[in-house]
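Coordinate analysis (summary)
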Amino acid sequence: MAELRDRPYVQFNFLVDLGDGNTEGPQAGFQELSGIGMEVTVSEYRTGNARENSVMKITGMNKSTDVTMKRGVIGSLNLYRWLDQIRNGDQNAMRTVTIHLQSEDHTQIVQTWKLLRARITKHTSGPFNAKGTDVAMEELVLAYERLEME
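Our subject in this report is the structure included herewith. (Residues numbered from 1 in each chain as written. Predicted model: local features only at pLDDT ≥ 70, side-chain atom pairs only at ≥ 80, totals over all residues. Heavy atoms only, no water.)

Describing the overall build of the protein
To be explicit about the condition: A run of DSSP states H or I qualifies as a helix once it reaches four residues; a run of E qualifies as a strand once it reaches two. Both are numbered from the N-terminal end. When we talk radius of gyration, it's over C-alpha atoms, and the globule rule is simply 2.2 Å times the number of residues to the 0.38. Burial classification: accessible surface area is computed with a 1.4 Å probe over protein chains only, and a residue below 20% of its type maximum counts as buried, one above 50% as exposed, and the rest as partly exposed. In this analysis, two residues are considered to be in contact whenever any of their non-hydrogen atoms come within 4.5 Å of each other.
Helix and strand counts for the protein stand at 1 helix and 9 strands. In sequence order, the secondary structure elements of the protein are arranged as β-β-β-β-β-α-β-β-β-β. The C-alpha radius of gyration of the protein comes to 20 Å, more than 25% above the 15 Å expected for a compact globule of 150 residues. When its C-alpha atoms are laid out on the principal axes, the protein stretches across 70 × 45 × 35 Å. Classification of the 150 residues of the protein by burial places 29% in the buried group. Taking as baseline every contact in the protein between residues at least 6 positions apart, the subset at least 24 positions apart corresponds to 63%.

Here it is, written out as structure tokens:
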């Protein structure tokens, strides 16, 4: 699915599926996503009888970074309901969250990130300021167990 090209895609053409198969409408509309990534740890090991005085690098565990997602408050409780399932211990509440990057003309998906076994770990609403002109926002942090890219 990923397509190599000379110029990078613009960052604002993305769709989010929160595990319900829906990328349409305001509930799937996010202003910002940040922190998608993974890290592979490396262990160092050297045998006592090794002729070379250096360590071997052994691939260890991998871990995924938490993702922060922001959107304007729209009166939807879909995120709260999902978080409520998680905080009440529902082990089936983990989802596959998919982010699709679209081409500039919105005719094709050019790259996909899948956050496997994702769950909300933090939800914040606000800030609310009576003298400001900013939009009321909600922010959530997702923890996930594995990242796949297509």
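Describing the packing of aromatic side chains
For clarity, the cut-off: Each pair of aromatic rings taken from Phe, Tyr and Trp, with Trp reduced to its six-membered ring, is defined by centres within 6.5 Å and is described as stacked if the planes are under 30 degrees apart, edge-to-face if over 60, and tilted in the remaining cases. Look at NZ for Lys and CZ for Arg. If either is within 6 Å of the ring centre and within 35 degrees of the ring normal, a charge sits over the ring.
Inspection of the entire model under this criterion finds 0 aromatic pairs. The positively charged end of R95 is found above the aromatic ring belonging to W82, 4.3 Å away from the centroid.

So, helix α1 (residues 78–87)
Note the following rule: What the arc measures is the spread of directions leading from the helix axis to the C-beta atoms.
Buried within α1 we find N78, L79, W82 and L83. One side of α1 carries all its buried residues, which in axial view fall inside an arc of 130 degrees. Those residues of α1 that are exposed and angled more than 90 degrees off the buried face are R81 and R87.

A short note on the pairing of strand β5 (residues 67–72)
For the record, the criterion: A strand pair is defined by DSSP finding two or more bridges across the two strands.
Here strand β2 (residues 32–34) runs beside β5; their pairing, made up of 3 bridges, is antiparallel. Each bridged residue has a counterpart across the sheet, and for S34 the counterpart in β5 is T68.

Observations regarding the environment of I120
Mapped onto the elements of the fold, I120 is located in strand β7 (residues 109–125). I120 sits in the buried class, given a relative accessible area of 3%. As a C-alpha pair, I120 and V141 span 21 residues in sequence and 5.8 Å in three-dimensional space.

Regarding unusual backbone geometry
In this structure, the amide linkage connecting G126 to the following residue, P127, adopts the cis form with an omega of 5 degrees. Take P127: it is sitting in the loop between β7 and β8 (137–143). In the Ramachandran plot, R117 falls in the positive-phi region, its phi being about 55 degrees despite a non-glycine side chain. Summarising the element assignment, R117 is placed in strand β7.

Observations concerning the side chain of Q102
Its place among the elements puts Q102 in strand β6 (residues 95–102). Setting aside residues up to four positions removed in sequence, Q102 forms contacts with Y9, N13, L15, Q108, I109 and V110.

Some points on the pattern of salt bridges
We apply this condition: Here, a salt bridge means any side-chain nitrogen of Lys or Arg that lies within 4 Å of a carboxyl oxygen of Asp or Glu.
Counted according to the given criterion, the structure contains 9 salt bridges. K114 is paired through a salt bridge with E150; the nearest N and O atoms lie 3.5 Å apart. Of the two residues, K114 sits in strand β7 while E150 sits in the segment after β9 (146–149), which places them 36 residues apart along the sequence. A salt bridge links R117 to E145, with the shortest nitrogen-to-oxygen separation between them at 2.5 Å. Of this pair, R117 sits in strand β7 while E145 sits in the loop between β8 and β9, and the two are 28 residues apart along the sequence. On the basis of relative accessible area, R117 is assigned to the partly exposed category, the value being 37%. Classification of E145 by relative accessible area gives partly exposed; the value is 39%. Among the charged side chains, a network of salt bridges with common partners joins R117, R119 and E145.

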